[in-house]
Amino acid sequence: MTDDYRLILACYLSGQIDDATWQQHLAEPLFALWLEHTTAKTPRVGATRDE
């Protein structure tokens, strides 16, 4: 399942999934939790330590 989620995210980031389809995925509770957990541990570009 995690591989499916990674694929969905990669497709969205590369522009292969439109916003309406992305919103449908975000409406899925497990996907939304996975995405929140995954992005929470990814530092933002240009972020300082204090952020």
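Computed from a predicted model, the values in this text were never measured in an experiment. (Residues numbered from 1 in each chain as written. Predicted model: local features only at pLDDT ≥ 70, side-chain atom pairs only at ≥ 80, totals over all residues. Heavy atoms only, no water.)

1. Section: the confidence of the model for the chain
Here is step 1: Across the chain, the average pLDDT comes to 85, with 78% of residues at or above 70.
Here is step 2: Least confident of the elements in the chain is helix α3 (residues 29–40), whose mean pLDDT is 90; most confident is helix α2 (residues 19–26), at 95. (pLDDT = per-residue confidence, 0-100. Helix = DSSP H or I, 4+ residues; strand = E, 2+ residues; numbered from the N terminus.)

2. Thoughts on the pattern of salt bridges
Here is step 1: Applying the stated criterion across every chain, the model contains one salt bridge.
Here is step 2: The closest approach of N and O atoms between Arg 6 and Asp 3, which form a salt bridge, is 3.2 Å. Of the two residues, Arg 6 and Asp 3 both sit in helix α1 (residues 2–13), three residues apart, roughly one turn of that helix.
Here is step 3: The class for Asp 3 is exposed, based on a relative accessible area of 57%. (Salt bridge = Lys/Arg side-chain N within 4 Å of Asp/Glu carboxyl O. Buried < 20%, exposed > 50% of the residue type's maximum accessible area, 1.4 Å probe, protein only.)

3. Looking at α3
Three or four residues apart is the spacing at which side chains of an α-helix point the same way, because the helix has 3.6 residues per turn.
Here is step 1: Taking 1.5 Å of rise per residue, 12 residues should cover 16 Å, and α3 covers 16 Å from first to last C-alpha, within 8% of that figure.
Here is step 2: What α3 keeps buried is the set Phe 31, Trp 34, Leu 35 and Thr 38. Buried residues of α3 fall within an arc of 100° about the axis and therefore sit on the same side. Exposed residues lying more than 90 degrees from the buried face of α3 are Pro 29, Leu 33, Glu 36, His 37 and Ala 40.
Here is step 3: Elements in contact with the buried residues of α3: α1 and α2. (Expected span 1.5 Å × (residues − 1). Arc of directions from axis to C-beta. Contact = heavy atoms within 4.5 Å.)

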